[in-house]
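Observations on the three-dimensional arrangement
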Number of protein chains: 2
Amino acid sequence: MTATLIQPSPYPSRNPDGERLIDRVDPVIYPGQAGPLSADQLTQFERDGFIQLPTWLDAESTLDVISAAQHAQAKAAADPDHQVIFEPDNGRVRSIFAVHQQMGTFRALARHPKLAGIARQILGSEVYIHQSRINFKPGFEGRPFDWHSDFETWHMEDGMPRMRAISCVLFLDDNFVHNGPLMLIRGSHQRYISCKGVTPDNHYEKSLRKQEYGVPSHDALRSLCAEGEIVSATGTKGTVVFFDCNTMHGSSGNMTPYPRNNIFMVYNSVENALLAPFCGQKPRPEHIASRDFAGVSTY
Amino acid sequence: MTATLIQPSPYPSRNPDGERLIDRVDPVIYPGQAGPLSADQLTQFERDGFIQLPTWLDAESTLDVISAAQHAQAKAAADPDHQVIFEPDNGRVRSIFAVHQQMGTFRALARHPKLAGIARQILGSEVYIHQSRINFKPGFEGRPFDWHSDFETWHMEDGMPRMRAISCVLFLDDNFVHNGPLMLIRGSHQRYISCKGVTPDNHYEKSLRKQEYGVPSHDALRSLCAEGEIVSATGTKGTVVFFDCNTMHGSSGNMTPYPRNNIFMVYNSVENALLAPFCGQKPRPEHIASRDFAGVSTY
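The following refers to the structure shown. (Residues numbered from 1 in each chain as written. Chains lettered and ligands numbered in written order. Predicted model: local features only at pLDDT ≥ 70, side-chain atom pairs only at ≥ 80, totals over all residues. Heavy atoms only, no water.)

**Overview of the overall build of chain A**
Convention followed: Helix and strand definitions follow DSSP, with helices as H or I runs of at least four residues and strands as E runs of at least two, each counted in order from the N terminus. Each radius of gyration reported is based on C-alpha atoms, and the globular scaling rule is 2.2 Å times the count of residues to the power 0.38. Partly exposed residues are those whose accessible area sits between 20% and 50% of the maximum for their type, while under 20% is buried and over 50% is exposed, using a 1.4 Å probe and protein chains only. Any pair of residues with heavy atoms lying within 4.5 Å of one another is described as a contacting pair. For the accessible areas, the method is Shrake-Rupley and the probe is 1.4 Å, while residue cover comes only from the protein chains on display. His residues and chain termini do not enter the charge count, which takes Lys and Arg as positive and Asp and Glu as negative. Lysine's charge is taken at NZ, arginine's at CZ, aspartate's at CG and glutamate's at CD.
The helix and strand inventory of chain A stands at seven helices and 13 strands. For 299 residues, the compact-globule formula gives about 19 Å, and the C-alpha radius of gyration of chain A, at 18 Å, lands near that figure. For chain A, the C-alpha atoms occupy an extent of roughly 50 × 45 × 40 Å along the three principal directions. Relative to its full complement of 299 residues, chain A shows a buried share of 58%. Look at the contacts in chain A between residues 6 or more apart in sequence, and 86% of them connect residues 24 or more apart. Carbon and sulfur atoms make up 52% of the accessible area of chain A, which amounts to about 11700 Å² in all. On chain A, the mean spot of the 28 positive side-chain charges and the mean spot of the 33 negative ones are 2 Å from each other.

Laid out in structure tokens, this is it:
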């Protein structure tokens, strides 16, 4: 099934004729909402496209989430459903999606005032969860995630109209420099890489394991790195990182004995609700891109 | 061709019946030779199994070696011989062996007083080059090297009798935390992992691309990491790292745009000349394990 009308967008992508770098036209910080971040922290987020908050949650909340994630992992391995993604080569659980709809602990995390409060403050409105997931990167066997901007995919495949969403990562393990931490390119949120290529039907079924379309070229990545350095987000369990929907990021494999499991929650502004996908194909499933736009305060 | 007599050794390995951890019986620092390292630096090397020396060589020497390495890489890609190892999956040059025999710049590096001097000081005698190589880890495509102790292979496959050799690494690029730097396990040189398994004929032809025999188990690596932390050896080009022949080490892949090329020279004591391989098979070729035991001062 292919939609006939592709809506106009300042962020076209999957061009048959080649890649282009486009300047961001949307704000990074939307005005109008107070919140837990200081003015300096907001300025830092606006400049870098991310902010790291060591021990942001209290120890008890963090331990509850870790325990719930272990439970979810065991359940996913024993009784997998369509929300579980496995590694292509070794069959381990790589990700579990829509976790905030599955367990009360994750639902409470999504509406936690110290997390949702930051999302409202940056996005300038009430927010809802566009996507939530736990990424498991086990010791010795953890696989890399290639460089990508989330927004490129969310725009093209989910119909997210503008850059008005942020990812919140809570570290469920200590993230060291050597166990495959999240890497972010400072300032990359200000450039949109309009990628070369097309979108195959049901692309998400493969792309959640290994993305092959909508990926930036080596030249584009070199260009982003020439403007801003690569930062490895490290810290003890309980550290929180927020990053903009268009910040270029990825992570290396994990050869160490230390697992690196993190939970991601994507907050989108309720004023940025999804349209039809800009690639012209049918939307991805609900557990990957929610179309329930009720704010987190109703969770 | 299989040798009939396997010599007795305090470091047996490739056991059909399983893995064992054995305590090192050899010294780390051999007495008798003065050299460039301070008493504190020697103590540190003895305790950790490695030492990192920022900007140890003058800038001019470093730039000469970088230039020679680029020349060697271009020549290896255009006109490969048996000393060149390629990546199994993308056909790029992964390593060039015996570089100190191929170009005057590398021969001069091998006998450099600030490098050979350290080798003599630690090993307590005149030294020769057991093996030299350049490892190329290109941007975006650099592949990991799994955890290993060099000595296990040198003992079993080359007949190096005792732990009396050290590796010298010169950084030809800036080594960051995120471009696949050398990782070392502190203190691991004091434990010998006597591995499970056998040695196939001509193992080196595959093991230089990806090692499958003589590799430590996850349990053994966990045990080493419980005794000493993982250290990522980072620094600007020109940094030198020395590490003991039995220090457990490896490196992750490189997803960044920044290549990470390093030159390795293995110094062995002339009093530790190679015997027949302890695995009972024929020796590896000369360019991988030299049997010319004349000291570096004759190079």
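**Observations concerning the pattern of salt bridges**
Residues and elements named next belong to chain A. Defined as follows: Take a side-chain nitrogen of Lys or Arg and a carboxyl oxygen of Asp or Glu: if they are within 4 Å of each other, that pair is a salt bridge.
Counted under the stated rule, the structure contains 30 salt bridges over all chains. Ionic pairing is found between Asp244 and Arg24, a salt bridge with its closest N-O pair at 2.9 Å. On the criterion of sequence distance, the pair formed by Asp244 in strand 11 (residues 240-244) and Arg24 in the loop between strand 1 (20-23) and helix 1 (39-48) is long-range, its members being 220 residues apart. On the basis of relative accessibility, which here comes to 2%, the residue Asp244 falls in the buried class. For Arg164, the salt bridge goes to Glu271, with nearest N and O atoms at 3.1 Å.

**Side note on the relation of the copies chain B and chain A**
Note the cut-off: Residues reaching a pLDDT of at least 70 in both copies supply the C-alpha atoms on which the copies are superposed by least squares.
Least-squares fitting of chain B to chain A yields an RMSD of 0.0 Å, with the transformation described by 0.0 Å of translation along the axis and a rotation of 180°. What we have between these two chains is a two-fold relation. For chain B, the minimum C-alpha distance to the rotation axis belongs to Val177 of chain B and amounts to 3.1 Å. Taken as a fraction of all interface residues of chain B, those also at the interface in chain A reach 100%, which identifies the copy contact as same-surface.

**Some remarks on the sheet that holds strand 4 (residues 93-97) of chain B**
Residue and element names in this part refer to chain B. For clarity, the cut-off: If DSSP finds at least two bridges between two strands, the strands pair. To get an axis, a line is fitted to the C-alpha atoms, and for a helix only the part in contact is used. The angle between two axes follows their N-to-C directions and goes from 0 to 180 degrees.
Sheet architecture is open: seven strands sit in the order 2-11-7-13-5-4-3, paired in antiparallel fashion. Edge positions in the open sheet fall to strand 2 (50-53) and strand 3 (84-86), since each of these has one partner strand only. Between one strand axis and the next, the sheet turns through 15° on average, direction left out of account. Pairing of strand 4 with strand 5 (residues 127-135), which is carried by three bridges, proceeds in the antiparallel orientation. By the bridge assignment for strand 5, Ile96 is matched with Ile134.

**Some remarks on the pairing of strand 8 (residues 182-185) of chain A**
Residue and element names in this part refer to chain A. Of the two faces of strand 8, the one holding Leu182 and Leu184 and the one holding Met183 and Ile185 are both buried throughout. Alignment of strand 8 against strand 12 (residues 249-251), held across three bridges, turns out to be antiparallel. Looking at the pairing, Leu184 lines up with His249 of strand 12.

**Concerning the sheet that holds strand 3 (residues 84-86) of chain A**
Residues and elements named next belong to chain A. Spatially, the seven strands line up as an open sheet ordered 2-11-7-13-5-4-3, and their pairing is antiparallel. This sheet does not close on itself; its edge strands, each paired only once, are strand 2 (50-53) and strand 3. On average, each strand axis in the sheet is inclined to that of its neighbour by 15°, with strand direction left out of account. Helix 1 rests against strand 2, strand 7 (165-171) and strand 11 of the sheet, and its axis sits at about 135° to strand 2. Contacts from helix 2 (residues 59-78) reach strand 3, strand 4 (93-97), strand 5 (127-135), strand 7 and strand 13 (262-269), with the element oriented near 110° to strand 4.

**Here's the deal with the nonpolar core**
The line we're drawing: Grouping buried Ala, Val, Leu, Ile, Met, Phe, Trp, Tyr and Cys residues that are joined through side-chain atoms within 4.5 Å yields what is termed a nonpolar core.
Formed by 43 residues in total, the largest nonpolar core has its most connected members in Phe106, Leu115, Phe242 and Tyr267 of chain B. Apart from the residues lying within four places of it in its own chain, the contact partners of Phe242 of chain B are Phe45, Gly49, Phe50, Ile51, Leu53, Leu115, Ile118, Ala119, Ile166, Ser167, Cys168 and Tyr267 of chain B. Residues Leu37, Val93, Val127 and Val296 of chain A belong to the second largest nonpolar core, which totals 42 residues.

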